[in-house]
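Now for the letters of each chain:
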Amino acid sequence: MNEAELLFSRVLNCDRVSLYLNKKDKLGAQSGALVSSVLRKRISGYPLQYILGKADFFGREFLVNESVLIPRPETEILVETALKIGLRLKAKGLRPDMLELGTGSGCVAISLAKELPGANVIATDISEKALGVARKNGRLHNVKINFVQGNLFNTHPLPFTPYHLIISNPPYIPSGEINKLQPEIAYEPRQALDGGKDGLDYYRRIAGQCSAYLKEEGVLVFEIGFGQYEEIEKILQKGAKLQIIDVIRDYADIRRVIVAQKVK
Ligand code: GLN
């Protein structure tokens, strides 16, 4: 469905086909007012997914509200990459221990838990409100995930440490760039987007502590922003005891996901 169809079918509580079958019908005063107010909101830049209260990600629907970042299509590459690694571990007879830092709506951790039954999945976020949404999504999709509040590795408890896999789509937009982006972004939690002056604060923080939380040969899977690859490579090489072993490009040919392995 396109945006207009989604909005109208949601507000009028009907399916797509009924919209067209009944297109000659006039809206009642109440429905008319509701449709106009929703359209005004959307035109002002308020994201469609917040109006609908849900977003699609990796073939599933997730609840979203203003406390969480709206899942992005390119983040599916992060899931695909982590999933491949998880499946390889399972093929070796291992039960993957995975940690996600900054889970937001929980869409990454939940997609992985669904695709890798038996994996131990821990997901953290600094925002209790975001965790509320993530837990609801966890129940909706019937997965067992430990959602724990904390600030990256300052999270207690962190069960199943050390991990085979640490996954993160951290905030990576440079602080000064956020206001220049599309209007929808202004409605999303700044905390989930703002990566500090150069956008790389969270990469430095995570890379600095990551090795201690990874098993031998464990890997870190990061989503990264446009043009950040070289700087992040430097951060990982500089004393982080991590070596990049894979780089995956997105649909726009931008290096979007990196895999770094713990070196001895
Ligand atoms: N990909 C998001 C955007 O460009 C940013 C997500 C993030 O900072 N992790 O809007």
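My aim in this report is to walk through the structure given alongside it, one point at a time. (Residues numbered from 1 in each chain as written. Predicted model: local features only at pLDDT ≥ 70, side-chain atom pairs only at ≥ 80, totals over all residues. Heavy atoms only, no water.)

### Structural notes on the side chain of Thr75
(1) Moving on: Mapped onto the elements, Thr75 comes out in helix 5 (residues 75–91).
(2) Moving on: Those residues within four positions of Thr75 in sequence are excluded, and the remaining contacts are Phe57, Val108, Asn169 and Glu223. (Helix = DSSP H or I, 4+ residues; strand = E, 2+ residues; numbered from the N terminus. Contact = heavy atoms within 4.5 Å.)

### Concerning the pattern of salt bridges
(1) Moving on: This structure, assessed with the given rule, holds 15 salt bridges.
(2) Moving on: Residue Asp194 is joined to Arg190 by a salt bridge in which the shortest nitrogen-to-oxygen separation is 3.2 Å.
(3) Moving on: You can call Arg190 partly exposed: its relative accessible area is 40%.
(4) Moving on: A salt bridge links Lys234 to Glu231, with the nearest nitrogen and oxygen atoms 3.1 Å apart. In this pair, Lys234 and Glu231 are both assigned in helix 9 (residues 229–237), 3 residues apart and thus about one turn of the helix distant.
(5) Moving on: Classification of Glu231 as partly exposed rests on a relative accessible area of 38%.
(6) Moving on: Through salt bridges with shared partners, a single network forms among Glu3, Arg42 and Glu184. (Salt bridge = Lys/Arg side-chain N within 4 Å of Asp/Glu carboxyl O. Buried < 20%, exposed > 50% of the residue type's maximum accessible area, 1.4 Å probe, protein only.)

### A look at the pairing of strand 4 (residues 120–125)
For a regular strand, the rule is simple: side chains alternate between the two faces of the sheet.
(1) Moving on: Burial of strand 4 is extensive: 6 of the 6 residues sit out of reach of the surface.
(2) Moving on: Both faces of strand 4 are covered, namely the face carrying Asn120, Ile122 and Thr124 and the face carrying Val121, Ala123 and Asp125.
(3) Moving on: In terms of strand pairing, strand 3 (residues 97–101) meets strand 4 through 5 bridges, oriented parallel. Counted as the bridge partner of Asp97 is Asn120 from strand 4.
(4) Moving on: Both strand 4 and strand 5 (residues 146–151) contribute to a ladder of 4 bridges, which runs parallel. Across the sheet, residue Asp125 finds its bridge partner in strand 5, namely Gln149.
(5) Moving on: You can see the chain leave strand 4, run along helix 7 (residues 128–140) and come back into strand 5, and the turn it takes is right-handed. (Pairing = 2+ DSSP bridges. Right-handed = clockwise from strand over helix to strand, strands pointing away.)

### Considerations on the nonpolar core
(1) Moving on: Of all hydrophobic cores here, the largest spans 34 residues; its most connected members are Ile166 and Leu236.
(2) Moving on: Mapped by element, the contributors of at least two residues to this core are strand 3, strand 7 (163–168), helix 8 (201–210), strand 8 (214–223), helix 9, strand 9 (242–249) and strand 10 (255–262).
(3) Moving on: Here this core takes 5 residues from helix 8, the largest share from any one element.
(4) Moving on: Ignoring sequence-local partners within four residues, the contact set of Leu236 consists of Ala207, Leu220, Phe222, Lys241, Leu242, Ile244, Ile258 and Ala260.
(5) Moving on: Core analysis: the next-biggest nonpolar cluster, separate from the first, contains 32 residues, Val108, Ile110, Val121 and Val259 among them. (Core = buried A, V, L, I, M, F, W, Y, C linked by side-chain atoms within 4.5 Å.)

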